[in-house]
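Structural features, examined
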Amino acid sequence: MDKINIEQLEVFAYHGCKEEEKQNGQNFYVDATLFCDITEAGSTDELDDTVNYSKVCKFINKFMTENRFDLIEAVAEQTAMGILHEFPKIRGVEITINKPNAPIKLPFGNVSVTAKREWTKAYLSIGSNMGDKEANLNQAIDSLYDDENCRVLAMSKFIETEPYGPVEQDNFLNGCLEIETLYTPQELLSSVNEIEDEAGRTREVHWGPRTLDIDIIFFGDEIVKEQNLMIPHIEMHKRLFVLEPLVEIAPYAIHPVFNKSVMEMKNELKPNSACEGCGGCPVTKEE
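Keep in mind the model is a prediction, meaning the values are calculated, not measured.

1. Let's talk about the nonpolar core
Core analysis: the largest hydrophobic core is formed by 34 residues, its most contacted members being Leu34, Ile95 and Ile97. Those elements that provide at least two residues to this core are strand E1 (2–13), strand E2 (26–36), helix H3 (53–66), helix H4 (72–86), strand E3 (92–98) and strand E4 (112–118). No other element matches the seven residues that H4 contributes to this core. Those residues in contact with Ile97, other than ones at most four positions away along the chain, are Phe28, Tyr29, Val30, Met64, Ile72, Val75, Ala76, Val111, Ser112 and Val113. Ranked by size, the runner-up nonpolar core spans 24 residues in total, among them Ile141, Val152, Leu212 and Leu229.

Quick look at the structure:
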């Protein structure tokens, strides 16, 4: 990824824990690396085809002077997120907030905090088998559109699948989404769980019916192994109801553990082949 560097941008602002910092203010110096694609601008020599770094500097100055934070950690985090929301051509940003006049009663040169944030591509599986299933899925998609930290890039068609497990219930409607997000994997999990809760999702019965189910399938090329979150989704390569809609929007996305594309995994999972827990069936099964 190409970079545009801004160094030592001087901003007079009122950030700090101490009362005199809030009242008197001080100079901060900002270093920012903007990750973007400059290929088109390098060819056309047109300002509209690149990131206008003058506007970025004005945005940083305005943001830091109009907002007040106790910690420069918060200044770095919130400014980085603000830049990514404001400038669509910027794919990522690394920002350093320098505070050379920090209230430290010892000789020192500088105190600084650096934050790096970026848009990450992720894939989600969505499903519903209660109420108006299509409306439930569309509401989930609308909620992601409304989240400023997510952008919906592509949607598959919805497919009908049979449920898995001992609980008598209606068939599912399933689909997949391609998004990009500023969230970490855990933050994205919290966000989709909130969307599920808003749809009335309950978790009392394992493999039971649900108004809305959202799973994180891929998150960039990251491998996450935590108690409440496994990415890539641990069962996705066995599930036609995931692979079939996913291959529609991301056939060449690579599983970072198996090093196989979605297309390859779907082709290997024959409709009549046995998948763990269901014994083999001609119709897609839902867990």
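2. Quick notes on the confidence of the model for the protein chain
With 89% of its residues at a pLDDT of at least 70, the protein chain reaches an overall mean of 90. Note on residues 272–287: pLDDT under 50 across the span, and 42 contacts to partners over four residues away in sequence or across chains.

3. Some words on the pattern of salt bridges
Going through the model one piece at a time under the given rule, you end up with ten salt bridges. One salt bridge connects Glu66 with Lys62, and the closest N-O pair in it is separated by 3.1 Å. Of this pair, Glu66 and Lys62 are both found in helix H3, four residues apart, which corresponds to roughly one turn of the helix. Of the residues examined, Lys62 reaches a relative accessible area of 47% and is grouped as partly exposed. Among the salt bridges present, the one from Glu180 reaches Arg151, with a minimum N-O distance of 3.0 Å.

4. What to know about H4
Helix length check: H4, at 15 residues, gives a terminal C-alpha distance of 21 Å against a target of 21 Å (1.5 Å per residue), a fit within 8%. For H4, the full list of buried residues reads Ile72, Val75, Ala76, Thr79, Ala80, Met81, Gly82, Ile83 and Leu84. Here the buried face of H4 lies against E2, H3, E3, E4 and strand E6 (150–155).

5. Things to note about unusual backbone geometry
Of note, the amide linkage connecting Ile231 to Pro232 takes the cis form, showing an omega dihedral of 0°. Located in the positive-phi region is Asp45, a residue other than glycine, with phi close to 65°. By the secondary structure assignment, Asp45 is in the loop between helix H2 (39–44) and H3. The phi dihedral of Asn259 falls on the positive side, at around 55°, and the residue is not glycine.

6. So, the packing of H3 against H4
Helix-helix packing is described using two parameters, namely the angle between the two axes and the distance between the axes. Viewed as axis vectors pointing N to C, H3 and H4 meet at an angle of 135°, and their least axial separation amounts to 10 Å. As the angle between them shows, H3 and H4 are arranged oblique. Crossing handedness for the pair H3 and H4: right-handed. Each of Phe59, Ile60, Phe63 and Met64 in H3 lies in contact with H4, whose residues at this interface are Val75, Gln78, Thr79, Gly82, Ile83 and Glu86.

7. A closer look at a nonpolar patch on the surface
A contiguous nonpolar surface patch, about 280 Å² in accessible area, is contributed by Ile104, Leu106 and Phe108. Among the residues examined, Phe108 registers a relative accessible area of 31% and is labelled partly exposed.

8. What about the pairing of E2?
Within a regular beta strand, the side chains point alternately toward one face of the sheet and then the other, so they alternate between its two faces. Of all eleven residues making up E2, eight are buried, and the element is well covered by its neighbours. With ten bridges joining them, E1 and E2 adopt antiparallel strand pairing. Pairing of Ile6 across the sheet is with Ala32, part of E2. Two elements, E2 and E3, share seven bridges in a ladder whose sense is antiparallel. Pairing of Leu34 across the sheet is with Val93, part of E3.

What counts, and at which threshold
- Residues numbered from 1 in each chain as written.
- Predicted model: local features only at pLDDT ≥ 70, side-chain atom pairs only at ≥ 80, totals over all residues.
- Heavy atoms only, no water.
- Core = buried A, V, L, I, M, F, W, Y, C linked by side-chain atoms within 4.5 Å.
- Buried < 20%, exposed > 50% of the residue type's maximum accessible area, 1.4 Å probe, protein only.
- Helix = DSSP H or I, 4+ residues; strand = E, 2+ residues; numbered from the N terminus.
- Contact = heavy atoms within 4.5 Å.
- pLDDT = per-residue confidence, 0-100.
- Salt bridge = Lys/Arg side-chain N within 4 Å of Asp/Glu carboxyl O.
- Expected span 1.5 Å × (residues − 1).
- Axes fitted to C-alpha atoms, helices over the stretch in contact; angles between N-to-C directions.
- Parallel < 35°, antiparallel > 145°, perpendicular 65-115°, else oblique.
- Left-handed = near helix turned anticlockwise from the far one by under 90°.
- Patch = residues over 30% accessible without salt bridge, like charges linked within 9 Å, V, L, I, M, F, W, Y side chains within 5 Å.
- Areas by Shrake-Rupley, 256 points an atom, 1.4 Å probe, with all protein chains shown as cover.
- Pairing = 2+ DSSP bridges.

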